[in-house]
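# Commentary on secondary and tertiary structure
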Amino acid sequence: MAQDYTPVPASKDNMGKPVARYEALQKVTGAKIYAEDLPVPGRPAYAWMVTSGIAKGRITAIDDTEARAIPGVQLIVTHENVGQLGKLETFANGGLAITEVGPLAGPEVHHDGQPVALIVADTFEAAREASYKLAISYAEESPTATFGDAGATEKALGDINPEYEPIRFNDAEAALANSAHTIDAEYRTPIQHHNPIELFSTTAYWEGGRLVLHEPSQYVWGLKHSAADLMQVDADNVRVKSPFVGGAFGSKGAVTHRTALAALAAKRLGRPVKLVAMRDQGFTHSGHRQETRQSVRLGCDANGRLTGYDHRSWEFTARTTPYYNGGLDKCAAMYAFDAVRTDEYVVQGDRNVPTFMRSPAEVPTIYALEAAMNELAAEAGIDPVEFRKINDTRVNPVNGAPYTSRSLNQCLDAVADSFGWTGRDPRPGSMREGDWLIGWGCSMAMYPTQMGPSTARLIVRRNGSALIEVAAHDVGTGCYTIAAQAAGERLGIDPQRIEVRMGDSRLPPGPISGGSISTASVTSAVANACDRIVEELGLSSDASTDERAAAMAGMSEPEIEVLGRWTPPGMGEDALQAMYDGGVRITGGNMDERTMFAFGAEMVEVRVNERTREIRVPRIHGAFAAGHIMNPRTAHSQYLGGLIWGIGSALHEATEIDHKRARYTNDNIAEYLIPVNADIGEVNIVMVPERDDEINVLGVKGIGELANVGTPAAITDAIWHATGTRIRDLPVRLEKLL
Ligand code: MOS
């Protein structure tokens, strides 16, 4: 279907200008802006990671005779000669390591694809060829692949995290028993892999005792400290460069084995070493979204008011490192429930460790809640939009903490308007065109507003130009652009005259680019820097932007430099120091005093072929409200990507696993399905103005992870509306409808 595509969305109330991305020209002309493009001193050697051929057991022998005989091979590192590397903590313990098992730590094999050797050669081809000749013998045991397989072990989250408390208030069981309508359903979500176009790469070289890393990263400052700990050097002697990131979605936040392996090889050889995890290796190298099962019971009274909510969730994780997302605390905050009971579990097997992936907790848990909301609305005979409005809340029902702002109802109205929801006949199977059964579905989208501490160096010059430096990251979101806009708006400088430097650990520290925190955190630090400039110029804080610009033009020195600093409300000053030390500090969402979320609402039309059961999505609309929108153009891109990803989650994406060998079978982007152009029809985005003066300096809510939350619930409900069949196991491929 044709659509009226608007490349430059108009600014509405409380929205900045739709400035084009700073790097737009570089990106469309293929300029060398990514870590792997950066020049290195001297001729690099090329490394190949050899990964385990089994998922569980131990290495009994390694014979490298033939591998060493390949011309050009310079170095083979295994657990037998790796020496002593430093140890990193995982996320659960405040560190950045993806797994508790160190690089080449020993002969034990914990999962398929575990790095077991590194081969470095003068050419990539020689390293790869040698990898085929490296003879590794294993004593193999039978691995546990996923839910339901022998050897899977279940633990409550409280058993692995003593601080964890499940959300429970009032008597959910009694509330459910007294409900006029109830549903009881189990939902399943699959393994997903991030698969950024830019592969996981590390280039390492040493300049004397100093290590330089070119590595795409969502947290260069943290990677600097982690690399220093691994290589047992001072953090001041490590520099990480990652000027742009070619897709991450969470997969470039943790520190993987390859950083240490590349750094170690570069040290031993005394030359730069380039190491890239191949596409298939990427499936076991940098984590994934783990598969889940969600059991939901939900009830309402005869008027559609929610009563009891009982949600239990199981996430599949690694035996070595029980990474989990949780998330039911956020589900429990969404509507005016009378009584809630949650239970969260991990189930462990012989798998690589999962990691955060775009709305990590929210995508599976909100899918289950929103699917249940749609099912219960149908059961009660209430329109699903109306049903959500009936159950709107101004506070988190768990602790009574008020939302700083919540525009779910406005988003529902805006998307209903744009989509034409009033034309929906609620009876399943009631709409059709020829062989195509038509269904309409809806869902809420949400994401907690999260923030971390940040600094930002700002230099303003008499000639009217400025420079911002912060070790934040542009993972494709437009962070360079909005940092310039934040300073430009506050100082009265044309953002085109503001240069921005990011993605280099030599710059003043910025936060991890995870949890959609960058815009709120970085613009708040930039605003603080601007306020310091205003003070240095001897102006009062309410001076107009014209007065500010005039004062800068009349400065006695050619330039002034300040360091802006910002710590989110409620976070101690020690959080800033923790960031200087490479730690991760994030706050937001459900707080004791207040509740901070961005909301959206999505509507979708599906068409299911009556004969073949082929499923199409001719149109999807989303309305979103997220406080001050820095840049409607880059925001529009985030929402667009989110809705498309949501379609992929509902209908395409899943990593398949071989139950016997605990090995991913579609570990390539030919067989790992994602939506392509032919799968995407009309996508319409409505930005709903919202003002939130409490949340942070500029009133910004993060939006990167908002639009892909809830979409699968809208699509599965639309499929039910078209066909009368409820599918509760994602993704919905046509065989499930046969
Ligand atoms: Mo995002 S999953 O917090 O990188």
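Predicted, not measured: the structure shown is a model, and the values here were computed from it.

### Examining the state of the cysteines
Scanning all chains against the criterion turns up zero disulfides. Between Cys300, a cysteine without a disulfide, and Cys442, which holds the nearest cysteine sulfur, the sulfur-to-sulfur distance is 15 Å. A disulfide-free cysteine, Cys411 has its sulfur positioned 13 Å from the sulfur of Cys442, the nearest such atom. The exposure class of Cys411 is buried, given its relative accessible area of 0%.

### A short note on the sheet that holds strand β4 (residues 108–109)
The three strands are arranged β4-β2-β6 in an open sheet whose pairing can be described as antiparallel. Taken across any chain shown, the strands that pair with only one partner, and hence form the sheet edges, are β4 and β6 (135–140). Bridge analysis of strand β2 (residues 57–63) against β6 gives six bridges, and the strand direction is antiparallel. Each residue of the ladder has a partner; that of Ala61, found in β6, is Ser137.

### Topic: the packing of helix α13 (residues 479–491) against helix α14 (residues 518–536)
Interhelical geometry of α13 versus α14 gives an angle of 35 degrees and a closest axis separation of 9 Å. For the element pair α13 and α14, the recorded crossing hand is right-handed. Here α13 contributes Cys479, Ile482, Ala483, Ala486, Ala487, Arg490 and Leu491 to the contact with α14, which in turn contributes Ser518, Thr519, Val522, Thr523, Val526, Ala527, Cys530, Asp531, Ile533 and Val534. Among the residues forming the contact of α13 with α14, the class breakdown is twelve nonpolar, three polar and two charged.

### A look at the pairing of strand β20 (residues 454–461)
Among the eight residues in β20, six count as buried, and that is most of the element. As paired elements, β20 and strand β23 (residues 559–566) share eight bridges and run antiparallel to each other. Bridging across to β23, Leu458 finds its partner in Val562. By the bridge criterion, four bridges tie β20 to strand β21 (residues 466–469) in an arrangement that is antiparallel. If you follow Val460 over to β21, its bridge partner there is Ala466. In sequence, β20 turns back onto β21 through a hairpin of four residues, with Gly464 there showing a positive phi of about 90 degrees.

### As for the sheet that holds β20
Pairing within the open sheet is mixed, and its four strands lie in the order β22-β21-β20-β23. Among the strands making up the open sheet, the edge pair consists of β22 (498–501) and β23. Direction aside, neighbouring strands of the sheet carry axes that sit 15 degrees apart on average. Taken together, the four bridges between β21 and β22 define a ladder with parallel strand orientation. Note on β22: the bridge partner recorded for Leu467 is Glu499. The sheet contacts of α13 involve β20, β21 and β22, and relative to β22 the element is tilted by about 140 degrees.

### So, the environment of His628
Among the secondary structure elements, His628 is positioned in the loop between β26 (615–625) and α17 (632–651). Between the C-alpha atom of His628 and that of Gly699, which follows or precedes it by 71 residues, the distance is 5.4 Å. For His628, the contacting residues outside a window of four places in its chain are Asn14, Met15, Gly16, Glu489, Glu690, Leu698, Gly699 and Val700.

### Here's the deal with the nonpolar core
Counting residues in hydrophobic clusters, the biggest one holds 92 residues, and the most contacted among them are Leu298, Met334 and Tyr639. Leu298 has contacts with Leu176, His181, Thr182, Ile183, Leu306, Gly308, Tyr309, Phe337, Ala372, Met373 and Leu376, leaving out every residue within four places of it along the chain.

### Some words on the pairing of strand β18 (residues 436–448)
The buried fraction of β18 amounts to twelve of the 13 residues, a majority that puts the element mostly inside the structure. Relative to β18, strand β17 (residues 431–433) runs antiparallel, the two being bridged by three bridges. The partner of Arg432 across the bridge, within β18, is Leu437. Hairpin remark: β17 followed by β18, antiparallel, with two residues in the connecting loop; positive phi at Gly434, about 60 degrees. When β18 meets strand β25 (residues 597–609), the two strands line up antiparallel, connected through 13 bridges. Within the sheet, the bridge partner assigned to Gly439 lies in β25 and is Val606.

### Re helix α18 (residues 711–723)
When the terminal C-alpha atoms of α18 are compared, their 18 Å separation across 13 residues agrees well with the 18 Å that a helix rising 1.5 Å per residue should span. Of all 13 residues making up α18, 13 are buried, and the element is well covered by its neighbours. The positive-phi residue at the C-terminal boundary of α18 is Gly724, with phi of around 80 degrees.

### Quick word on the packing of helix α10 (residues 362–380) against α18
α18 packs onto α10 with a crossing angle of 35 degrees between their chain directions and a minimal axis gap of 8 Å. Considering how the two elements wind past one another, α10 and α18 form a crossing that is right-handed. When α10 is examined against α18, the residues Tyr367, Glu370, Ala371, Asn374 and Ala378 are found in contact with a partner set consisting of Pro712, Ala713, Thr716, Asp717 and Trp720. Split into classes, the residues belonging to the contact of α10 with α18 amount to six nonpolar, two polar and two charged.

### Structural notes on the domain arrangement of the chain
According to the domain assignment, the chain contains domain 1 (1–14 + 394–449 + 589–738), domain 2 (35–142 + 206–280) and domain 3 (452–584). Taking only C-alpha atoms, the centre of domain 1 and the centre of domain 2 are 38 Å apart. With eight residues of domain 1 at the interface, the matching set in domain 2 holds eight residues. Each partner contributes to the roughly 590 Å² buried at the junction of domain 1 and domain 2, and carbon and sulfur atoms together form 50% of this total.

### Considering the side chain of Thr523
Structurally, Thr523 can be placed in helix α14. Classification of Thr523 by relative accessible area gives buried; the value is 0%. Beyond its immediate stretch of four places on either side in the chain, Thr523 contacts Ile482, Ala486, Ser518, Met630, Leu698 and Val700.

Cut-off values and rules
- Residues numbered from 1 in each chain as written.
- Predicted model: local features only at pLDDT ≥ 70, side-chain atom pairs only at ≥ 80, totals over all residues.
- Heavy atoms only, no water.
- Disulfide = S-S within 2.5 Å.
- Buried < 20%, exposed > 50% of the residue type's maximum accessible area, 1.4 Å probe, protein only.
- Pairing = 2+ DSSP bridges.
- Helix = DSSP H or I, 4+ residues; strand = E, 2+ residues; numbered from the N terminus.
- Axes fitted to C-alpha atoms, helices over the stretch in contact; angles between N-to-C directions.
- Left-handed = near helix turned anticlockwise from the far one by under 90°.
- Contact = heavy atoms within 4.5 Å.
- Nonpolar A, V, L, I, M, F, W, Y, C, P; charged D, E, K, R; others polar.
- Core = buried A, V, L, I, M, F, W, Y, C linked by side-chain atoms within 4.5 Å.
- Expected span 1.5 Å × (residues − 1).
- Domains from an automatic or database assignment.
- Buried area = accessible area lost by both parts, 1.4 Å probe.

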